[in-house]
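Per-entry structural report
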Amino acid sequence: MPDVKDRGLRTFVTVLAGLAVIYFGSAGRSPEEGRGISGGVVVLALLAALLVWHLTRPGDKTVK
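1. Focus on the overall build of the protein
Counting secondary structure elements, the protein contains two helices and zero strands. Per-residue burial over the protein gives 16% buried out of 64 residues. Split by element, the accessible area of the protein, about 5,400 Å² in all, is 69% carbon and sulfur.

Rendered as structure tokens:
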């Protein structure tokens, strides 16, 4: 049962990482470029989220 709580926190951190990349990727744009986000920022956000998901996976907790 503890994995359910860990998975919720893992999902939250993963989504937060993706949103942070989108926020900082769009906040640094000049006014001439417009207010949207580019496809590269979306790809970077997906890669960051996948990296966080991979790095926060639970370890092997088997006792021998």
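2. Re the UniProt feature "transmembrane region" (unreviewed entry) in the protein
The positions UniProt marks with the feature "transmembrane region" (unreviewed entry) are residues 7-25 and 37-56. This span, residues 37-56, is 85% helix and 0% strand, and a straight line between its end C-alpha atoms measures 27 Å.

3. Comments concerning the environment of arginine 10
By the secondary structure assignment, arginine 10 is in helix H1 (residues 2-27). Using a relative accessible area of 15% as the deciding quantity, one classes arginine 10 as buried. The spatial distance from the C-alpha of arginine 10 to the C-alpha of leucine 55 is 9.7 Å, given a sequence separation of 45 residues.

4. Thoughts on the environment of threonine 14
Summarising the element assignment, threonine 14 is placed in helix H1. Accessibility expressed as a relative area gives 11% for threonine 14, which makes it buried. Apart from the residues lying within four places of it in its own chain, the contact partners of threonine 14 are Ala49, Val52 and Trp53.

Calculation rules
- Residues numbered from 1 in each chain as written.
- Predicted model: local features only at pLDDT ≥ 70, side-chain atom pairs only at ≥ 80, totals over all residues.
- Heavy atoms only, no water.
- Helix = DSSP H or I, 4+ residues; strand = E, 2+ residues; numbered from the N terminus.
- Buried < 20%, exposed > 50% of the residue type's maximum accessible area, 1.4 Å probe, protein only.
- Areas by Shrake-Rupley, 256 points an atom, 1.4 Å probe, with all protein chains shown as cover.
- UniProt positions renumbered as here; feature names shortened; annotations may be inferred.
- Contact = heavy atoms within 4.5 Å.

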